[in-house]
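Results of the structural survey
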Amino acid sequence: MAYKGLPTDKVKLMPVLLLMSMCLFAGIVLTSFKTETVRTNQVADTVRQSLIADMSKLKQQSQLLAVTLELLMQEQASLEQAQEAFYQVKQAYKKVEYMAEYLDPELAKRINGAPLPKVLVEEVNYQTLHFQKPSVRTFPPEGLQVLEELVFAEEVEPVIAKEAIVLAHGLQDAVSLLSGSLYQQPLSDKQILESLREQLVRVVAMGITGFDAPAAGCELAHVALALQPVLHAAQLYDSSLSGKAKTYSSKAVEQLQQAVLYLQQHPAFDTFDRLYFTRELADLAYAALTALQQELLPTAASVHKPVNDHASSLFSADFLQAAYFAKQDRREQKPELIELGKVLFFDPVLSANNERSCASCHVPSKAFTDGQARSIAFDFKGTVQRNSPTLLNSVFSNAYFWDSRAIYLQDQVPDVVVKSDELHGNYEEVVLKLQQSSEYRKLFKRAFSSQADNGLSTNTINRAIAAYVQSLVALNSPFDRYMRRETEQLGASAKRGYNLFMGKAACGTCHFAPTFNGTVPPRYLESETEVLGVTASADFAHPTLDEDLGRAGVIPADAWKHSFKTPTVRNAALTAPYMHNGAFAVLAEVVDFYDAGGGAGLGLDVPNQTLPDSPLNLTEGEKQDLIAFMESLTDTATVYAAPERLPQFPKKAGLNDRLIGGRY
Ligand code: HEC
Ligand code: HEC
């Protein structure tokens, strides 16, 4: 084709364009002298290129899996070949996992999410729930974990193979979408460093627990594969940095090399030393990567996410941010507010009979539980529906109550105050009552001085009590101090117990580190409920299923029948009796229940049980070790004293002899 020359309007633009590009060039040269960020841009690009290559391998492998499954259907491929094809996909996924999960957690869930049906609920407002039935849709599970259950089933019949083919095609779609999004955008250092840190948390809190290997058995070799790209990226940074940043990147490389090697050299699942791996290898790599990120891209810690970017250990007391979970402005955590919340918490004036307070059922010396199977009701006749849960560290959850019905910590206050069997208060009357005390009026004024709504109202009562509950954080147990390397002291039995908890006994697949509750790593944005088939009593020889529907009582989804929030096992030594119904009196009974495979393992019909029903085959010694580990999570370092006195009511003498903490 003949060259026609530039059209005249473009020729006129030429000098302008030239000037612009010169400025741009100068800008780049200048900034590259100023910051490390531009130099590491090359690193980001190399990381992206190798991700694109790994992603296309994953695409090929998932295609191959679909083809192999089709051949299996036609009896032209063996089951072993199908299983091998599955392994290849899983290995390929492990290599891109860190960035797939980081960039698009929802899509990643379609590829490697838990093999459980997904329940979608239309916008639920807890306040209006009693009047409106929420609509619920349940989707069957998809992804690698369901495929694994199918491909490794005892017998793979044609129906199963057909289902597997459908799943394999779904997998292909999800992988295509994922690689598409990677092609469209460059990666930044911030994204890469954050994804590497998240991957370390994922490996420590989930990967080595075998949470995503439901059928084939957890391959610690797969976990090594999941860490390899983290090591690779750290090496790339290390070779492009100098000065302080390089000290951190070198430390990260050294720790990660050892971590990968350790995984490769200790492939046996049951005997893998998770405590050593976590404390001496992975957690120190996390510390180095955190320091590296802060050195390259210093930022203020944001309370708008659960994980504190500045925390140097998974077991730092500030690793998770209470302020995020309480969904309050951090300024709200001022001492005057907590102090007011504490007084209200211990003051029976909140109840209709001026005899019961929050502390009646949440006693500080019992880690804020009450020692009853079910709490004693307001009028001392009968009990409330459920067991009083610990309030220590309860803030670290995205939903509250055994059935997850409250999203905000401050929502549970009206729930309790108004309930006829708890405090039986008329909330407006409580406000009028408190207003009669000049001491209370002063306390509210002090606590809410800078707020527009500095009055004494249901809203300010809720917020003050929530601030107090939010302050009940106790993360200085002997176990925490050992993990943070502040001490070398931790009993041998507790150490073995941690390895069992995170390994053979599979507790850590639901009670996630570091809170050991259902708040899901590595982002901690969701809190799970689970179906264990909890029995009505500890008589395991004659088991009957507890009737409480749990979450399905709030949202009528079959998958959520008998589904309960996974509570923390921190301070479990102080919180007996156990479970939502207090059915188990001692930890040994809890462990026996799990050892049997939960309700279904005991022979009950629990079709939606999410706890595997196979026995754990724990020895007596192993059971003891599990208990010793849970006991090492007791935090006695912080003393939670009741207030010394309660505000007075000058004109209501009858109110002034009320008991601090109320009656029980
Ligand atoms: C009569 C006993 C009783 C009283 C009084 C009581 N609670 Fe509770 N509390 C319970 C029980 C039982 C539950 C679990 C209820 C459920 O899940 O359905 C609970 C649950 C909670 C939870 C949710 C914890 C979690 O991790 O999900 C919080 C927070 C809480 N109470 C705080 C308070 C506060 C604050 C007060 C005072 C305003 C209070 N409670 C008064 C018995 C009581
Ligand atoms: C499938 C998820 C899952 C697994 C696995 C699991 N738990 Fe739980 N755990 C839960 C849920 C959910 C509850 C609350 C059940 C209820 O009240 O109905 C719970 C309750 C508990 C409690 C009672 C806490 C309290 O305050 O009442 C303890 C203790 C406990 N689990 C320890 C363990 C141990 C030890 C293991 C391993 C042997 C384990 N869990 C495995 C989900 C799980």
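Figured I'd write up the structure that's included with this text. (Residues numbered from 1 in each chain as written. Chains lettered and ligands numbered in written order. Predicted model: local features only at pLDDT ≥ 70, side-chain atom pairs only at ≥ 80, totals over all residues.)

Some thoughts on helix α19 (residues 492-501)
To keep things clear, this is the line we draw: Neighbour counting defines burial: a residue surrounded by 20 or more other C-beta atoms within 10 Å of its own C-beta is buried, one with 12 or fewer is exposed, and intermediate counts give partly exposed, using backbone-placed C-beta atoms. We count a stretch as a helix when DSSP gives it H or I for four or more residues in a row; a strand needs E for two or more, and each element gets its number in order from the N terminus. By the criterion used throughout, residues are in contact when their C-beta atoms, derived from the backbone, lie within 7 Å.
For α19, the tally of buried residues reaches seven of 10 residues, placing the bulk of the element in the interior. Within the span of α19, buried status applies to Ala494, Lys495, Gly497, Tyr498, Asn499, Leu500 and Phe501. Among the structural elements, α10 (274-296), α18 (478-483) and α22 (620-631) are those in contact with the buried residues of α19.

Structural notes on the site of ligand 1
Note the following rule: To decide whether a residue is near a molecule or strand, its C-beta atom is placed from the backbone and checked for lying within 6 Å of it. Residues are grouped as follows: Ala, Val, Leu, Ile, Met, Phe, Trp, Tyr, Cys and Pro are nonpolar; Asp, Glu, Lys and Arg are charged; every other residue, Gly included, is polar.
Around ligand 1, the surrounding shell holds 27 residues, and the nearest of these are Cys358, Cys361, Ser394, Phe401 and Trp402. When contributions to the shell around ligand 1 are tallied by element, the ones reaching two or more residues are α13 (358-361), α14 (412-418) and α17 (458-470). If one sorts the elements of the shell around ligand 1 by residue count, α14 sits on top with four residues. In terms of residue class, the shell around ligand 1 is made up of 16 nonpolar, seven polar and four charged.

Side note on the packing of helix α3 (residues 79-103) against helix α5 (residues 144-151)
To keep things clear, this is the line we draw: The angle between two axes is taken between their N-to-C directions and runs from 0 to 180 degrees, where each axis is a line fitted to C-alpha atoms and a helix contributes only its stretch in contact. Geometric relationships in this document are graded by angle, where less than 35 degrees denotes roughly parallel, more than 145 denotes roughly antiparallel, 65 to 115 denotes roughly perpendicular, and other angles denote oblique. Crossings are classed by handedness, with left-handed meaning an anticlockwise turn of the near helix from the far one by less than a right angle and right-handed meaning a clockwise turn.
Contact pair α3 / α5: the axes reach a minimum separation of 11 Å and the direction vectors enclose 160°. On the basis of the axis angle, α3 is roughly antiparallel to α5. Here α3 and α5 pass one another in a crossing that is left-handed. Contact with α3, carried on its side by Ala82, Gln83, Phe86, Val89, Lys90 and Tyr93, involves Leu144, Leu147, Glu148 and Val151 of α5 and no other residues of that element. Classifying every residue of the contact of α3 with α5 gives seven nonpolar, one polar and two charged.

Concerning the site of ligand 2
Near ligand 2 you find 25 residues, and of these Cys507, Cys510, Met579, His580 and Tyr594 are the closest. Element by element, the count of residues in the shell around ligand 2 is highest for helix α20 (residues 587-595), at four residues. Grouping the constituent residues of the shell around ligand 2 by class yields 18 nonpolar, six polar and one charged.

By themselves, these observations are geometric and do not establish any function.
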